[in-house]
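# Tertiary structure, described
For reference, the chains in residue letters:
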Amino acid sequence: MPPKKRNSGTQKDLIKPGAEGGSQSDKKESPVLSLKKHRDKDTEFVIFCKNLHVSDLVCEQTWKLWKTVQETVNEVLEGRAKLWGACLFVTITDMDTACFTLTQLLKAVNMNVKGFLGLVRKLDVNLDTISTKVNAAVMRLEKKYDVTLALYQRFEKTCKKIFVLGSNEGNQELSRNCWTLFLLAKGKALQMEDDLVISFQLLLCVMEYFIKRCPADLVQPLYKSVITVQSPPTRTSRRSQNKAKARPPEPELDVRLLETLSKENECNAEEVKNVYQTSFTAFLESLHLLKSIDLPQVKILNQQYEEHYLKERDFDARLFLDGDETIFAPKIEITQVEKTPQKNLQEDDAVRIIPQTPIRAAMTSIQQLRGDLVSNGDKPSTNLNTYFKNCTVDPTQNVLKRLETLGQTFSQRFSQAVGPRFISTGKQRYTLGVRLYYKVMEAMLKSEEKRLSVQNFSKLLNDSKFHTSLLACALEVVMATYGESSFKSGGNGSESSESNLCFPWILDVFELAAFDFYKVIESFIKAEPTLSKDIVKHLETCENLIMEKIAWVMGSPLFDLLKLEQEADAAETPVETPANLNQPLQHNHTAADLYLSPLRPGIRVLPPESPATLSSQAPAIALTPTQVAAQPSRHAKSNSLSLFYKKLYRLAYTRLKMLCSYLLSYHPELEPIIWTLFQHTLQHEYELMRNRHLDQLMMSAMYAIAKVKSVDLRFKTIVTAYKNMPNTKQETFKQVLISEGNYDSIIVFYNQVFMQRLKTNILQYASPRPPTLSPIPQIPRSPYHFPNSPLRVPGSNNVYISPLKSTRMSPGIMTPRSRMLVSIGESFGLSNRFQKINQMVNSSDRSYKRTLDLGPSLKPLKRLRFDVDGQDEADGSKSSGDSTLIQKLAEMSSTRSRMQEQKMKEDAESKKD
């Protein structure tokens, strides 16, 4: 039922209602559910399963799951049938058993796609109900649905602009025929059906195909005027088909028509032509439709799509045409997709805002990227060639040869992920990436020349890792712009690296270490000011993912650098001294600093005097051999490692502070202690990070300190709060490396690994003389944020603060609809306003408290079932009831603590001033 993995190879046999598919064990048993075997179960439940043609084994497993989650849900409000359906979905996904399609299940429970998938997620309140496999399936379904919904909405609008459609049956058949052919083309040609841009380009190809074959009186004048070969004046009847076949076949591609379609839809015509010629024509040929001048028959297309839909076992996208309630979300959600929220402007300032649909946003981003690169060729510019020629060793030939080799690799791997006939599309993406690569490289070298007053960059420009990283970053920008790269949701290799283009796919393609890739990100962003906010945010997230996890995989060069630092002279402080943590993070390191590090001894040096060598790493003073011999043997320092750890510490502390604000607002004294243990672990026990995630150490450190300080904080409470933090995945706490090839929950990791390694250190915090606390890192403003960008309030997912843009919008003029308005940027007024806010937060008036949109909250279990032997505590004790902190977590209001923190910061800043 969930969409299959994109690299799954051959599809399973056609599944029809009443038939069974799946594992061998399922095939051996009868496909008809036996009522006698399930007398111990609710009769309505058994009938529900029988109507969906599930096997006895599936029915049994679903009933066990239902009994497990029954105590955590409100049956009256949710409806038992809906909950049974959610449990059934989880069961067949875990068992990989083909029983029915998602649409068949939705009709059985009378729910729409979004509502049902939301209900499945709600079952995971126990933290172990939904496996990582089910979670990945839900995310794939959600993404595919969102893409298909956006495409259908654009299809409806485009049809009105192209065809003269009425309410008669023939016109409705034309629309249905066109949409069904597109769904079939998308399903057959694309392995990545959630690729919005290529899917939309395929839709335009289908439109071109139908316009040419549609009766002329049904085509709007704009498109009728650009058709190269006019269609018959009326519909092609069966009697006239023989005469029509005698006519010479029309051209496979009507260039003028396709160019008009592309222009009207803000799509690049060359890319659409490429998709048409390489993929769409092959699809038409497979259905014997390429040379036909007639419109395809709805019956035949429906039969073809029915087979595809039953194999995929997800939702029937033809139902969009019928406005079916199982496929459409509530109308208010659909209109929100089409509308952009307007600001509270005065009438004279009101302007018409064009609805920012997903497709329009994608097309706009692509146009901006291509427009910025229109003047950049596929070869090095004159200025860049000059830099190459000024090198001691000219890198030109190596650069060109490397680009050719990597280009072939990229195009092949792209086609493996997207579809076998999209290798030329991969070449188009690669060409854009190369142009951006050359553009950014030239900007970087100009900046370095200005900074260092040198022109010989031989060492840097002959560094293969630098070039590969820069090219990879450029391609990541291109793919993110096209919406093809986001971030993987699977855990521990549950999806092949060839199944999608999500980061870090590009690193795997180029066999590039994440630690090497990280070195170029900051310089890349600074060198390319035209990058959109979304792309900058994407690259920043890539950098965070590298620091959190990807740079710590087995075989990473990061461990080699750490080992060198560890083997250094004991007199030298390894990596990053805690004393330097409270020093500001200077964002002035360039790619040259990082890729050529370490190249200097561990002493302070001045900029070079001679332009013969690159870089700030070269010694400024020419020492004689005797003077060199007299210098003490010092270990080489690594700029890249030092900066990496500075950023790592700041990222780690930021996430820890957010989690503490959720859980330990009543114990603020614990935060610096937890941070000290956390920082100690990253510095001295960094082997614990190998093949693990930063947040796993963070949660373990929090639990350890709470334990020794006798604070009632259970691991389930920590995990529940962690799930509400941004950019988190359940794999982080459900699948933690215990030993080689062995994964288990985070509490098993704590008991068997973390506590065993750090027990002595942890116990020191309970002694009268605890370790010295580590300084708190300064958290400077990110170099990637724009001055006028809204900033998210820490600890919230949907609260942002925007700069005050106009004095006319001051609190004195605006008319708030709420009880109180706080404007950051103007005088807050009297201190009694804080008292009013506190009173409001503490008030019993719950109308101002946060409520859940998806209905009543689920009741938490009394224990965490994925713990070792059902134990919550590391010492083996069990919970006797709902933790006090769980209740506090459910009812706490973060508004008060954030306001208090803000007030403290303002007071501190005023004292400094």
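Rules of the game
- Residues numbered from 1 in each chain as written.
- Predicted model: local features only at pLDDT ≥ 70, side-chain atom pairs only at ≥ 80, totals over all residues.
- Heavy atoms only, no water.
- Salt bridge = Lys/Arg side-chain N within 4 Å of Asp/Glu carboxyl O.
- Helix = DSSP H or I, 4+ residues; strand = E, 2+ residues; numbered from the N terminus.
- Buried < 20%, exposed > 50% of the residue type's maximum accessible area, 1.4 Å probe, protein only.
- Axes fitted to C-alpha atoms, helices over the stretch in contact; angles between N-to-C directions.
- Parallel < 35°, antiparallel > 145°, perpendicular 65-115°, else oblique.
- Contact = heavy atoms within 4.5 Å.
- Nonpolar A, V, L, I, M, F, W, Y, C, P; charged D, E, K, R; others polar.
- Pairing = 2+ DSSP bridges.
- Core = buried A, V, L, I, M, F, W, Y, C linked by side-chain atoms within 4.5 Å.

### A few points about the pattern of salt bridges
Pairing of side chains with opposite charge becomes possible as their charged atoms draw close. The final tally for this structure, using the stated rule, is 35 salt bridges. Between E484 and R429 there is a salt bridge; the shortest N-O distance is 2.8 Å. Highlighted residues: E484 in the loop between α22 (464-481) and α23 (505-509) and R429 in helix α20 (residues 423-452), separated in sequence by 55 residues. The class of E484 is buried, set by a relative accessible area of 2%. The salt bridge partner of E543 is K647, with a shortest N-O separation of 2.9 Å. Here E543, found in helix α25 (residues 533-548), pairs with K647, found in helix α29 (residues 639-663); they are 104 residues apart in sequence, far enough to count as distant. Overall, E543 belongs to the buried group, its relative accessible area being 3%.

### Section: the packing of helix α24 (residues 514-527) against α29
Their axes nearest at 11 Å, the elements α24 and α29 cross at an angle of 75°. Considered as vectors, α24 and α29 are oriented roughly perpendicular to each other. For the pair α24 and α29, contact is made by F515, Y518, K519 and E522 and by S640, L641, L643, F644 and K647, respectively. Tallied by class, the residues present in the contact of α24 with α29 amount to five nonpolar, one polar and three charged.

### Examining the environment of N265
Residue placement: N265 occurs in the loop between α13 (255-264) and α14 (269-286). Classification of N265 by relative accessible area gives buried; the value is 4%. Sequence-wise, N265 and T158 are 107 residues apart; in three dimensions their C-alpha atoms are separated by 8.5 Å. Among all residues touching N265, those that are not within four sequence positions of it are R154, T158, F200, L204 and M363.

### A closer look at unusual backbone geometry
Across the chain, the bulk of peptide bonds are trans and the bulk of non-glycine residues have phi less than zero. Put simply, F503 and P504 share a cis peptide bond, and its omega is 15°. With respect to the secondary-structure elements, P504 resides in the loop between α22 and α23. Phi is positive for E266, close to 55°, though the residue is something other than glycine. Positive phi, close to 60°, is recorded for N691, a residue that is not glycine. Mapped onto the elements, N691 comes out in the loop between α30 (670-684) and α31 (694-708). Taking relative accessible area as the criterion, N691 reaches 29% and is therefore assigned partly exposed.

### Focus: the pairing of strand β1 (residues 736-739)
Relative to strand β2 (residues 742-744), β1 is paired through three bridges, and the arrangement is antiparallel. By the bridge assignment for β2, L737 is matched with Y743. Linkage of β1 to β2, two consecutive antiparallel strands, is achieved through a turn of two residues, within which G741 is found at a positive phi near 75°.

### Focus: the nonpolar core
F116, F510, F524 and L659 are the most contacted members of the largest nonpolar core, which has 245 residues in total. By residue number, the principal contributor to this core is α29, which donates 15 residues.

### Points about the packing of helix α5 (residues 80-95) against helix α8 (residues 132-162)
Relative to each other, α5 and α8 sit at 110°, their axes nearing to 9 Å. By the angle class used here, α5 and α8 are roughly perpendicular. Mapping the contact onto sequence places F89, V90, T93 and D94 in α5 and K133, V134, A137, V138 and L141 in α8.

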